[in-house]
Amino acid sequence: MTENTAVLANYDNVLERIKAASLKSGRDFEKINILAVTKYARSQDIATLLTHRNVFAVGESRVQDSLQKWNNAPLNAFKTKKFFIGQLQSNKTLKVLEKFDIICSLDNAKISARLNEQAEKLDKKANCLLQVKLTEKLTQGGADLDEAPALIKVIKEQNPNINLRGVMAIAPIAPPQELRRLFKKVKNFFDNNFEKSDYLSLGMSEDYEVAVEEGSNLPRIGGAIFKNNAGGNNDN
Ligand SMILES: *Cc1c(COP(=O)(O)O)cnc(C)c1O
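To keep things clear, this report deals only with the structure shown in the data block. (Residues numbered from 1 in each chain as written. Predicted model: local features only at pLDDT ≥ 70, side-chain atom pairs only at ≥ 80, totals over all residues. Heavy atoms only, no water.)

**Notes on the overall build of the protein**
Rules: Helix and strand definitions here come from DSSP, where helices need a minimum of 4 consecutive H or I residues and strands a minimum of 2 consecutive E residues; each element is numbered from the N-terminal end. Both definitions apply: the radius of gyration is a C-alpha atom measure, and the globule rule equals 2.2 Å times residues to the power 0.38. Exposure categories follow from relative accessible area, calculated using a 1.4 Å probe and restricted to protein chains: below 20% of the type maximum is buried, above 50% is exposed, and the middle band is partly exposed. Should any heavy atoms of two residues lie within 4.5 Å, those residues are considered in contact. Accessible areas in this description were obtained via Shrake-Rupley with a 1.4 Å probe; residue shielding takes into account the shown protein chains only. Working convention for charge: Lys and Arg count positive, Asp and Glu count negative, and His plus the chain ends are omitted. Working definition for charges: the position is that of NZ of Lys, CZ of Arg, CG of Asp or CD of Glu.
What the protein contains, in helices and strands, is nine helices and eight strands. By the compact-globule yardstick of 18 Å for 236 residues, the protein fits well, its C-alpha radius of gyration being 17 Å. Viewed in the frame of its principal axes, the protein has a C-alpha envelope of about 50 × 40 × 30 Å. Buried positions account for 50% of the 236 residues belonging to the protein. Nonlocal contacts in the protein, meaning residues at least 24 apart in sequence, comprise 63% of its contacts between residues at least 6 apart. Accessible surface, the protein: about 12,100 Å² in total, of which carbon and sulfur atoms supply 46%. Between the mean site of the 34 positive side-chain charges and the mean site of the 29 negative ones, the protein shows a separation of 1 Å.

Structure follows, in structure tokens:
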């Protein structure tokens, strides 16, 4: 079977755009990593990408999908990390903890306590990003920014098996100026509560350049990499 090299061209294009955005805003390109979201991708395209490019991380929002799609992908070639980006349901926490390196969607104390307990039983640390909400209108999860510092305190004090490694947020569809305002708010929160070396995961296919300009070091990109031709839609 011939490989779909469009995926590689798309990935390189995304990298170039991230480089340009980081130059423009005076950020360190070397410190920005791509989380390649595979939820709409074909497994053969994922394999192609991971064979030929050093991809920092892949992300899926469902456990079952990740097992099917990543099964034959050469995740070990470049030590690509596995990130869980979906909503965290309490009946799935154990599976997620077992199968993924980092959970991006921790947003409440109850799930945190549960993960803490399960991590202890598995004799591992649960590496998590705190998901925060950028707007009330979104149905996605995420803690309110106002309440997030208190939540961090509770997690740190009560859940020794949780390693909080940064922040994730999903932006609404909005004009660039509004996006910038929202990303700045999260960046500010991140700077006040986390280390520089932690993850600030902002930006998706439609808004990753703005996100990088505003300080994201881990944009999560699906469509822009796995669409089948430049400018086209996903049709797989
Ligand atoms: C699907 C998804 C992405 C990637 O979205 P694209 O628009 O395809 O880049 C990023 N983050 C989360 C949480 C997602 O569910």
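**Some points on the sheet that holds strand β1 (residues 35-37)**
Here is the rule: We treat two strands as partners when DSSP finds at least two bridges between them.
Taken in spatial order, the eight strands make up an open sheet running β7-β6-β5-β4-β3-β2-β1-β8, and their pairing is parallel. Unpaired on one side and paired on the other, β7 (199-201) and β8 (220-221) mark the two borders of the sheet. Here three bridges tie strand β6 (residues 162-169) to β7, and the two strands are oriented parallel to one another. Along β7, the bridge assignment pairs G166 with Y199.

**Side note on the site of the ligand**
Stated precisely, the cut-off is as follows: Distances are taken per atom, and a residue is near a molecule or strand as soon as one of its heavy atoms is within 4 Å of it. Residues adjacent in sequence count toward polar contacts only when both atoms are side-chain atoms; beyond that, a polar contact is any pair of N or O atoms within 3.5 Å, and within protein one must be able to donate a hydrogen and the other to accept it. Under the grouping applied here, Gly and all other residues not named as nonpolar or charged are polar, the nonpolar ones being Ala, Val, Leu, Ile, Met, Phe, Trp, Tyr, Cys and Pro and the charged ones Asp, Glu, Lys and Arg.
In the vicinity of the ligand, the contacting residues are V37, K39, I85, I170, M204, S205, R220, I221, G222 and G223. Contact between the ligand and K39: an oxygen atom at 2.6 Å from a side-chain N or O atom of the residue. Within the side chain of S205, one N or O atom sits 2.5 Å away from an oxygen atom of the ligand. Protein chains shield 86% of the accessible area of the ligand, which is 390 Å² for the free molecule. Of the residues assigned to the shell around the ligand, the class counts are five nonpolar, three polar and two charged.

**Side note on the pairing of strand β4 (residues 102-106)**
Condition: Handedness of a crossover: with both strands directed away from the viewer, a clockwise path from the first strand across the helix to the second marks it as right-handed.
For β4, a buried count of five out of five residues is recorded, marking the element as mostly surrounded by other parts of the structure. Strand direction decides the pairing type here: strand β3 (residues 81-84) and β4, joined by two bridges, are parallel. Within β4, the residue paired with F84 across the bridge is I103. Note on the crossover from β3 through helix α4 (residues 93-99) to β4: the handedness is right-handed. With two bridges joining them, β4 and strand β5 (residues 126-132) adopt parallel strand pairing. For I103, the partnering residue across the bridge sits in β5 and is C128.

**Re the environment of F226**
Structurally, F226 is set in helix α9 (residues 223-226). F226 gets classed as buried once you look at its relative accessible area, which sits at 2%. Residues F226 and L49, spaced 177 residues apart in sequence, show a C-alpha to C-alpha distance of 9.3 Å.

**A word on the packing of helix α1 (residues 6-25) against helix α2 (residues 43-52)**
Angle between the axes and distance between the axes: these two values describe a pair of packed helices. As a reminder, the rule being used: Only the stretch in contact is used when a helix axis is fitted, and all axes are lines through C-alpha atoms; the angle between N-to-C directions ranges over 0 to 180 degrees. Each angle is binned into one of four classes, with values under 35 degrees roughly parallel, values over 145 roughly antiparallel, values of 65 to 115 roughly perpendicular, and all other values oblique. By definition, turning the near helix anticlockwise from the far helix through less than a right angle yields a left-handed crossing, and turning it clockwise yields a right-handed one.
The N-to-C vectors of α1 and α2 enclose an angle of 55°; their axes lie 9 Å apart at closest approach. By the angle class used here, α1 and α2 are oblique. Where α1 crosses over α2, the two elements pack in a sense that is right-handed. In this structure, α1 contributes V7, L8 and Y11 to the contact, and α2 contributes D45, T48, L49 and H52. Its residues placed into classes, the contact of α1 with α2 shows four nonpolar, two polar and one charged.

**A closer look at unusual backbone geometry**
The residue K79 is not glycine, and still its phi comes out positive at about 55°. By the element assignment, K79 lies in the loop between α3 (63-70) and β3.

**A look at the nonpolar core**
For clarity, the threshold we go by: Nonpolar cores are built from buried Ala, Val, Leu, Ile, Met, Phe, Trp, Tyr and Cys residues. Side-chain atoms within 4.5 Å join them into one set.
Of all hydrophobic cores here, the largest spans 62 residues; its most connected members are L49, L115, L130, V132, F189 and I225. The contact partners of I225, leaving out residues within four places of it in the chain, are V7, N10, Y11, V14, I34, A36 and L49. In this structure, F83, C104, I170 and L218 belong to the second largest nonpolar core, which totals 13 residues.

**Re the pattern of salt bridges**
Under the convention used in this document: Take a side-chain nitrogen of Lys or Arg and a carboxyl oxygen of Asp or Glu: if they are within 4 Å of each other, that pair is a salt bridge.
Per the counting criterion, the structure on display carries 14 salt bridges. Put simply, D12 and R53 hold a salt bridge, and the shortest N to O gap is 2.8 Å. Taken together, the residues D12 in helix α1 and R53 in the loop between α2 and β2 (57-60) connect sequence positions 41 residues apart. Measuring nitrogen to oxygen at the nearest pair gives 2.9 Å for the salt bridge that ties E214 to R180.

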